[in-house]
Amino acid sequence: MRASRALLAAFALATAVDLVSLAVGPHAGHTVAKPLLMLLLAAYAARAGAPRLLVAALLCGWGGDVLLMSGADLAFLAGMACFAAGHVCYLVLFRSYGPPRPRAALLAPAYGLVALTLVVLLWPGLPAGLRVPVACYSTLLTAMAYGAATRLGRTAGLGGALFLLSDSLLATGLAGWPQLPRPDLWTMLTYVVAQFLLVRGALGARPAPVTAYGEVRSTTP
C-alpha cells in the first residue's frame, strides 16, 4: 500500500511539473517529466494488481509520448502506432469485463457520429500522408472510448471521452485549425487525466467470471 501511494504521488508530482512547465516554462521541465508520466502510472497500476493488458496499454502510451517528442514525420507515425496498439490493449481488456451494459446501444450512434464528424472535418486540412492513418486511428480511438463507457462505467467512460478530446485537440493542430492559447497544455492535461481515469475505472470494476470453458459469463442479471 505504501509503495502504491508513493508511485501515485510521484505520478502526481511529474504531472504537476509537466503542466506547469507547459503553462509558464521552462519547457525543460516538460522534456524531463513527460517520459516519466506513463511509466509511473504503469508502475502504480501494476503495484495495485492491474491486469497485464492495462499495464501494456500504459506502456504503449509511454512509447507514443516519447516518439511524439520528436518533430520527425516518421516518429509521429510511429507514435500514433504505439497509441493505436494501446487502444487495442484497452479494447481487449474491456471485453474481460463482460458484455456492454444494457443502455450501450443508445451511445453507439453518438460515438459513431463523433468519429465520422472528426474525420470529415479534419480531412481537408491534414497533410496527404496523414489522412488515412489519422482516419483509422480516430476510428480505433472512438471504439476504445465507447468500450470504456459501456463496459467499465462512468469513471473509465469519462477517461475515454477525455482521451478522445485530447487527441482531437492534437489533430486540429495538425489540420491547421485555430488553437487555444498554449495548446500543448490542454492536450497534455486532458491526456494525463484520461489515462488516470481509465486506470481508476479498470481497477474499480470487476472482470466478469470465466467459466471452465473459457467463456466470459455476464455479471448482469
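You'll find the structure just up there.
Please read these numbers as outputs of a predicted model, since none were measured by experiment.

Definitions and cut-offs
- Residues numbered from 1 in each chain as written.
- Predicted model: local features only at pLDDT ≥ 70, side-chain atom pairs only at ≥ 80, totals over all residues.
- Heavy atoms only, no water.
- Helix = DSSP H or I, 4+ residues; strand = E, 2+ residues; numbered from the N terminus.
- Buried < 20%, exposed > 50% of the residue type's maximum accessible area, 1.4 Å probe, protein only.
- Contact = heavy atoms within 4.5 Å.
- Areas by Shrake-Rupley, 256 points an atom, 1.4 Å probe, with all protein chains shown as cover.
- Lys, Arg positive; Asp, Glu negative; His and termini not counted.
- Charge placed at Lys NZ, Arg CZ, Asp CG, Glu CD.
- Axes fitted to C-alpha atoms, helices over the stretch in contact; angles between N-to-C directions.
- Parallel < 35°, antiparallel > 145°, perpendicular 65-115°, else oblique.
- Left-handed = near helix turned anticlockwise from the far one by under 90°.
- Nonpolar A, V, L, I, M, F, W, Y, C, P; charged D, E, K, R; others polar.
- Core = buried A, V, L, I, M, F, W, Y, C linked by side-chain atoms within 4.5 Å.
- Expected span 1.5 Å × (residues − 1).
- Patch = residues over 30% accessible without salt bridge, like charges linked within 9 Å, V, L, I, M, F, W, Y side chains within 5 Å.
- Salt bridge = Lys/Arg side-chain N within 4 Å of Asp/Glu carboxyl O.
- Phe/Tyr/Trp six-rings, centres within 6.5 Å; stacked < 30°, edge-to-face > 60°.

A few words now on the overall build of the chain. Looking only at helices and strands, the chain features eight helices and zero strands. Counting from the amino terminus, helix and strand elements in the chain follow one another as α-α-α-α-α-α-α-α. Within the chain, buried positions represent 43% of all 221 residues. The long-range share in the chain, meaning contacts at least 24 apart out of those at least 6 apart in sequence, stands at 72%. For the chain, the computed accessible surface area is about 11,500 Å², with 69% contributed by carbon and sulfur atoms. If you average the places of the 15 positive and of the 6 negative side-chain charges in the chain, the two averages end up 16 Å apart.

Below, the discussion takes up the packing of helix α4 (residues 73-95) against helix α7 (residues 154-174). Running from amino to carboxyl end, α4 crosses α7 at an angle of 160°, the nearest separation of the two axes being 14 Å. Accordingly, the angle class assigned to the pair α4 and α7 is roughly antiparallel. Of the two possible hands of crossing, α4 and α7 adopt the one that is left-handed. Two secondary-structure elements touch here, α4 through F76, F83 and H87 and α7 through F163, D167, L170 and L174. Here the contact of α4 with α7 is built from residues that sort into five nonpolar, one polar and one charged.

Bringing the nonpolar core into the picture now. Counting residues in hydrophobic clusters, the biggest one holds 51 residues, and the most contacted among them are L54, L58, Y90, F94, F163 and L198. Secondary-structure elements contributing two or more residues to this core are α1 (2-24), α2 (28-47), α3 (52-68), α4, α5 (104-122), α6 (128-152), α7 and α8 (183-204). Ranked by residues supplied to this core, first place goes to α8 with nine residues. Apart from residues lying up to four places away in sequence, F94 is in contact with M144, G147, A148, R151, L152 and L198.

Next up on the list: α6. Spanning 25 residues, α6 covers 36 Å between terminal C-alpha atoms, matching the ideal 36 Å at 1.5 Å per step. Downstream of α6 by a residue or two, G153 has a phi angle that is positive, lying close to 110°.

Mapped onto the elements, T142 comes out in helix α6. By relative accessible area, T142 is classed as buried at 4%.

Quick look at unusual backbone geometry now. A negative phi angle characterises most non-glycine residues, just as the trans form characterises most peptide bonds. Between G25 and the following residue, P26, the backbone shows a cis peptide bond with an omega angle of -5°. Looking at the element boundaries, P26 is found in the loop between α1 and α2. In this structure, R182 takes a positive phi of about 50° despite not being glycine. In this structure, R182 sits in the loop between α7 and α8.

The next subject is a nonpolar patch on the surface. A contiguous nonpolar patch, built from L39, L59, W62 and V66 and spanning about 300 Å² of accessible area, is present on the exposed surface. For the nonpolar patch, the leading source of residues is α3, giving three residues. As for its position among the elements, L39 is in helix α2.

Turning to the packing of aromatic side chains, a few remarks are in order. Given two aromatic rings, their pairing is described by the distance between the two centres and the angle made by the two planes. By the definition in use, this model includes six aromatic pairs. A centroid spacing of 5.8 Å and a plane angle of 25° characterise the contact between Y90 and F94, whose relative ring orientation is stacked. One end of the pair, Y90, and the other, F94, are both in helix α4, four residues apart, so they sit about a helical turn from each other. Take F94: its relative accessible area is 1%, and that puts it in the buried class.

With that settled, the discussion passes to the environment of Y191. Within the element layout of this structure, Y191 appears in helix α8. Residue classification places Y191 among the buried residues on the basis of a relative accessible area of 3%. Distance from Y191 to V92, taken between C-alpha atoms, is 21 Å for residues 99 residues apart in sequence. Excluding anything up to four places from it in sequence, Y191 contacts M38, G61, D65, F83, F163 and S166.

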